[in-house]
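# Structure at a glance
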Amino acid sequence: MSDKKPLSDVERIKTESRQLRGTLSDSLVDRLTGAIAADDTQLSKFHGIYQQDDRDLRAERRKQMLEPAFSFMIRARIPGGRMTPDQWLAFDAIGREYANDSVRVTTRQAIQFHGVIKRELKTTMQAINASLLDTLAACGDVNRNVMAPANPALSPVHDAVQAAAKSLSDHLCPRTGAYHEVWLDGEKLDVGGEEVEPIYGKTYLPRKFKTGFVIPPDNDVDVYSQDLGFVAVVEDDQLAGFNVLVGGGMGMSHGEPATYPRLASTIGFCKPNAVNAVAEAVVTTQRDFGDRTNRKHARLKYTIDTHGVDWFRDQVNERLPTPLAPPRDVLFTHTGDRYGWHQSRDGSWNHTFFIENGRIRDTEDRALMTAFRTLAEQGIGEFILTPNQNVILAGLTDAERDAADALIEQYKLGSDSVSALRGASIACVGFPTCGLAMAESERYMPELVTHVDALLAKHGIADVPIVARMTGCPNGCARPYLAEIGLVGKAPGRYNLLLGAAFNGERMNRLYRENIDEAEILATLDALLGDFARERAAAEHFGDFLIRTGVIAYVGASDNFHVAAA
C-alpha cells in the first residue's frame, strides 16, 4: 500500500484542463443557470475571474427555491498599477455598464469589477482587452499582479524598478492560448500534448504566488508579505540591484495552528539584469517542491518552513548561472501613502487621493466616479493605483496641476479632512460578495474608524499615524497581520483583535483578544490608547509601544504567531 498522499482535487482539475480551457466555453452558453460548471470555477480564477453570489440575498432566494444570485468578480492585471487616462476611462465605462456602477482599487495595485452577470462576462472581458490591459493571471495558481512602488518618477531609480516589475510580469505570465480562445474568440489550437508552459508546466504552481518590488525607505508594497520580494539597493542615486526576499504570506485559517502568516526571509542580492532569472528560479523551485496534496499547506512559506531557508537558497542558486550574493543593508521607515501634492525630481507634480477601502462610485454625498472620469478626460498625466487602495494622478506640469486643482476643489477630492488613522486604514471586500467572508469589512471599517478616531481625540493623539486594517476572514487580503491594529473577522459582528506590528511593515502583530464585538474592541483600544498617550516615547509608534511595554510579545517571521499575547 502506497504512503503517497493523494493530490488535491484542484490538481486534478488543472491536469485535465487542457492548459486552463476546461469547459469554460460551454459554461458561458449554458442559459439554465447563472453559474459556471464547478470545475470551471477553479479554472476561471487563472483568467482573473471569481464566481460569487450576493450573500445578502441567499436566505430569501433559498425560500423562493431560486438558485443564488450569481455574479462574477473580474480582476485586471495591471503591473505596478500604471494606467493611462484612456485606460481609466475604459475601466470607468466598464464599471458603469456592467459592474454595479463602481470600480474597486485592490491592495495589489489592480482594479476589480464586481457584480458582472454571466451573459455579460465575455463582453466585459473583451472591453478590458480593448483597453490594452487584460486579466490573465490576476488570480489562480500562478504569479499574480506584480507590485511596484507607487511614488511616481521621484528619481531614475523609480523608473528602473517599474520597468523591472513590468518585465517580470511579462516573463511570468502564462503562455496558454486558452485566454484568447475563450474570451477573445481567438483561433482554437490543437493542444493534444503540444502546448507547454515553459515555466509553470502542465499543472502550474501548487498555490497562488505574489511578487512585489520596493524602494527603501518606503515600504508601501509591504514587501515582507510577498512570496517573492525585490528590495531596491540604491548607491550613488543608481539602482545597484535588489535584495531578494522569499516566503512571505498573510493567509491562515481560524483554529488551525498549522496555518499562519509569515514574513519573507532575505536570501541574497542580485543585479538588476538578473531579476527575471532569479524569479524563475524561485518559482520553479516552488513548482517542484510545493505541497500539492493540501492546499492549506501549499504556499511558498510552508515549502520554506518545511525544508529550511538555507535549503531553499541552495535550490535557487542551483538554477542560476550566478549564485546570489550576500544581501546589502537596507532601512525602512514608512509604509502607506502620502496624500496631496508632491513634486518629483524631474519637476513634475503628482497628487495622491484617498479612496476609502478602494471603492470608487458616485454617492449622494460625493460624486467620486464622476470626479475621476472628469480628471481622466483632461488627458493629462497617468493614473497610478497604490498598494493601499488609493489613486495617484502623476506626471503633471505646473499648468496641468492648476487645472487638476480646480477639479479637486469642485469635487471635494482633497484629503485635508481625512484623519491620520483613516488615511492609514484599508479593508477587504467582505460581505456581501466574498464567499470566504465571515464578517463585514469594507462596509463596516469606515464606521469603526470613526469610533476609534473619537478615542484618539479623547486622548489627545488624533494626529499620530496608526496603521489599521480589517478583513472579513483570516485569509489576509488587506494584510491585517502587518497592521498596528488588525481586525480579522470571526463571525458576523465579531473579530479577532491583533496588535503590535511595526509601522514600517517589518514585524507582524499577534492575537490580543479573540472573537470580540464592537463594544469590546473599543473598550480594549480605549485603555491601550490611553496608556500610549501618557507613556509613549518621543515619536514612538503604537505597535512599538506595545512591544516595549510588554503588552505584546515580539513575533518573528512566523515563530509562535498563535501564542497568545503577553
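Scroll up a little and you will see the structure.
Quick caveat, the model's predicted, so the values are computed rather than measured.

Cut-offs used in this document
- Residues numbered from 1 in each chain as written.
- Predicted model: local features only at pLDDT ≥ 70, side-chain atom pairs only at ≥ 80, totals over all residues.
- Heavy atoms only, no water.
- Buried < 20%, exposed > 50% of the residue type's maximum accessible area, 1.4 Å probe, protein only.
- Helix = DSSP H or I, 4+ residues; strand = E, 2+ residues; numbered from the N terminus.
- Pairing = 2+ DSSP bridges.
- Axes fitted to C-alpha atoms, helices over the stretch in contact; angles between N-to-C directions.
- Contact = heavy atoms within 4.5 Å.
- Parallel < 35°, antiparallel > 145°, perpendicular 65-115°, else oblique.
- Left-handed = near helix turned anticlockwise from the far one by under 90°.
- Nonpolar A, V, L, I, M, F, W, Y, C, P; charged D, E, K, R; others polar.
- Core = buried A, V, L, I, M, F, W, Y, C linked by side-chain atoms within 4.5 Å.
- Arc of directions from axis to C-beta.
- Polar contact = N/O pair within 3.5 Å; in protein donor to acceptor, adjacent residues only side chain to side chain.
- Phe/Tyr/Trp six-rings, centres within 6.5 Å; stacked < 30°, edge-to-face > 60°.

Counting buried residues along strand β9 (residues 265-270), five of its six residues qualify, which places the element largely inside the surrounding structure. Relative to β9, strand β8 (residues 238-246) runs antiparallel, the two sharing five bridges. By the bridge assignment, leucine 245 is partnered in β9 with threonine 266.

Sheet architecture is open: four strands sit in the order β6-β7-β8-β9, paired in mixed fashion. Single-partner strands in this sheet number two, and they are β6 (211-214) and β9. Geometrically, the sheet is characterised by an average inter-axis angle of 25° between neighbouring strands, direction not taken into account. Across eight bridges, the pairing between strand β7 (residues 228-235) and β8 is antiparallel. Bridge pairing in β8 places valine 233 opposite glycine 241. Contacts from helix α9 (residues 275-289) reach β6, β7, β8 and β9 within the one sheet, and its direction differs from that of β7 by about 155°.

Another point: the packing of helix α5 (residues 85-98) against helix α12 (residues 368-377). Packing of α5 against α12 leaves a shortest axis separation of 9 Å and a crossing angle of 150°. Judged by the angle between their axes, α5 and α12 are roughly antiparallel. Here α5 and α12 pass one another in a crossing that is left-handed. Along its contact with α5, which presents Pro85, Trp88, Leu89, Asp92, Gly95 and Arg96, the element α12 presents Met369, Phe372, Arg373, Ala376 and Glu377. Considered class by class, the residues forming the contact of α5 with α12 number six nonpolar, one polar and four charged.

In space, the five strands of this open sheet follow the order β15-β16-β17-β18-β19, with mixed pairing throughout. Looking at the sheet topology across the chains shown, the edges are occupied by β15 (425-427) and β19 (510-516). Put simply, the sheet's adjacent strands are angled 15° from each other on average, direction ignored.

A few words on the nonpolar core. In this structure, Trp88, Phe213, Phe230, Ile360 and Phe372 are the most contacted members of the largest nonpolar core, which totals 93 residues. Apart from the residues lying within four places of it in its own chain, the contact partners of isoleucine 360 are Trp88, Asp101, Ser102, Val103, Val105, Ile355, Leu368, Met369, Phe372 and Val391. The next biggest cluster of nonpolar side chains, apart from the first, holds 33 residues, and it includes Leu421, Val452, Ile521 and Leu525.

For helix α6 (residues 121-130), every residue scored as buried is listed here: Leu121, Thr124, Met125 and Ile128. When α6 is viewed along its axis, its buried side chains cluster within an angular range of 100° and face the same direction. The secondary structure elements touched by the buried residues of α6 are α2 (24-29), β1 (49-53), β2 (70-75), α5, β5 (111-116) and α8 (178-184). Downstream of α6 by one or two residues, leucine 132 has phi in the positive range, about 75°.

Moving on: the side chain of aspartate 141. Summarising the element assignment, aspartate 141 is placed in the loop between α6 and α7 (156-171). Relative accessible area serves as the criterion here: at 2%, aspartate 141 is assigned to the buried category. A distance of 2.9 Å separates polar atoms of two side chains, one belonging to aspartate 141 and the other to lysine 14. For aspartate 141, the residues in contact, after removing those within four places along its chain, are Val10, Lys14, Phe46, Tyr204, Leu205, Pro206, Arg207, Lys208 and Arg295.

For the rest of this paragraph, the subject is the packing of aromatic side chains. The description of two aromatic rings rests on the distance between their centres and on the angle between their planes. For the coordinates displayed, the defined rule picks out 18 aromatic pairs. A centroid spacing of 6.4 Å and a plane angle of 50° characterise the contact between tryptophan 311 and phenylalanine 312, whose relative ring orientation is tilted. With relative accessibility at 22%, the residue tryptophan 311 sits in the partly exposed group. When the centroid spacing of 6.5 Å and the interplanar angle of 90° are considered together, the rings of tryptophan 341 and tryptophan 349 count as edge-to-face. Tryptophan 349 carries the same exposure label as tryptophan 341, and that label is buried. A connected cluster of aromatic rings, assembled from ring pairs, spans Trp88, Phe353, Phe372 and Phe383.

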